[in-house]
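Reading the structure
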Amino acid sequence: MGPGVERVIAHFSRVVRTGAAFVWFGVLGISLALFGIPWVWLRLRDADARELRLQQLTTSAFRAFMRVMTGLRLTHFHREGVAERLATPGQLLVANHPTLIDVCAILSCMDHGACVTKQANTQNPTMAGVIRAAGYIANDGGPEMVEACAGSLAKGRSLLLFPEGTRSPKGGLGPFQRGAAHIALRSGLDPVPVFVTCDPPTLMRGQKWYDVPDRAFDLRLRVGDPIRVQPYLEALEAGESRPRVARRLTAEIHETFEKELRSALS
């Protein structure tokens, strides 16, 4: 058997394994919707307790999915002190978004947490029920979203959001929206950056799931130092307009990620 044939067979194997992993993800989502949500609703009457338990079940499902991804040799999942840094509840986490599975990877490292998800996911039959029941927040870009996020953080939930609003372009960052800054200003919490790198790039925006790389991709997570929000709160108290303060905070968050990614690629 020649090397060309071996490459074709290896590529086909990776496509099949990738498809199997995403089928498993769908099974996990449907199982949570059909069995997990009813089970929690029957056992717990308190709405906050139900939401917390469903977040725990969801993060457990993400861990199972990441184990499948690594077990099928599709990815090498590297976590640099992430679990310890994310153990504290009530954190505002901001992350770049190079791949489709970033939310699974990050939340799999936590006991519980919610995320801001794009509006389209609330219409996905395998995800919609879990998203609503677990207190995930749809990104409609309005002030109601900011208030909902601040309310979730006030209850001691950690919240993950992607300031780009969609997956990053290849080899860089997209423009950052100001939602993360407004949430930080509203909640008074320091944004905690979670840096995500993927080598070789895969599962990017506009890329088909079956467009797989030639080897298992290295997915790395690293948690950076919190970005201090206090100077921006002081600027608000001094009379600077909220849109301008949010714009400056967004610029600092973006610069933090740019520096990290430049360092990672150098």
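Anything mentioned here points back to the structure above.
Residues numbered from 1 in each chain as written. Predicted model: local features only at pLDDT ≥ 70, side-chain atom pairs only at ≥ 80, totals over all residues. Heavy atoms only, no water.

Spatial strand order, 1-7-6-2-5-3-4: seven strands in an open sheet with mixed pairing. Only two strands of the sheet have a single partner each, and these edge strands are strand 1 (75-80) and strand 4 (137-139). Strand after strand, the sheet turns through a mean of 25° between neighbouring axes, direction not considered. Bridge count for strand 3 (residues 114-118) against strand 4 is three bridges, and the pairing is parallel. Counterpart to Thr-117 in the pairing with strand 4 is Ala-138. Here helix 7 (residues 179-187) sits on the sheet in contact with strand 2 (92-95), strand 5 (159-161) and strand 6 (191-199), set at roughly 165° to strand 2. (Pairing = 2+ DSSP bridges. Helix = DSSP H or I, 4+ residues; strand = E, 2+ residues; numbered from the N terminus. Axes fitted to C-alpha atoms, helices over the stretch in contact; angles between N-to-C directions. Contact = heavy atoms within 4.5 Å.)

Moving on: the pattern of salt bridges. Per the counting criterion, the structure on display carries twelve salt bridges. Where Lys-155 meets Glu-51, a salt bridge forms, and the shortest distance between an N and an O atom there is 3.2 Å. Within this pair, whereas Lys-155 is found in the loop between helix 6 (143-154) and strand 5, its partner Glu-51 is found in helix 2 (residues 47-71), the two being separated by 104 residues in sequence. With a relative accessible area of 38%, Lys-155 lands in the partly exposed category. Residue Arg-244 pairs with Glu-240 through a salt bridge whose shortest N-O separation is 3.4 Å. Judged by relative accessible area, which is 48%, Arg-244 ranks as partly exposed. Overall, the relative accessible area of 22% leaves Glu-240 in the partly exposed class. Each of Asp-48, Glu-51, Lys-155 and Arg-157 takes part in a single network of salt bridges with overlapping partners. (Salt bridge = Lys/Arg side-chain N within 4 Å of Asp/Glu carboxyl O. Buried < 20%, exposed > 50% of the residue type's maximum accessible area, 1.4 Å probe, protein only.)

Let us now look at the pairing of strand 3. The buried fraction of strand 3 is high, at four of five residues. Both strand 3 and strand 5 contribute to a ladder of two bridges, which runs parallel. Paired with Ala-114 across the bridge in strand 5 is Leu-159.

When you line up the elements, Phe-22 lands in helix 1 (residues 3-43). Among the residues examined, Phe-22 registers a relative accessible area of 21% and is labelled partly exposed. Distance from Phe-22 to Val-68, taken between C-alpha atoms, is 9.6 Å for residues 46 residues apart in sequence. If we ignore the near neighbours within four places in the chain, the residues touching Phe-22 are Phe-65, Leu-100, Ile-101 and Leu-203.

From the geometry alone we can't say anything about function, so treat these as descriptive.
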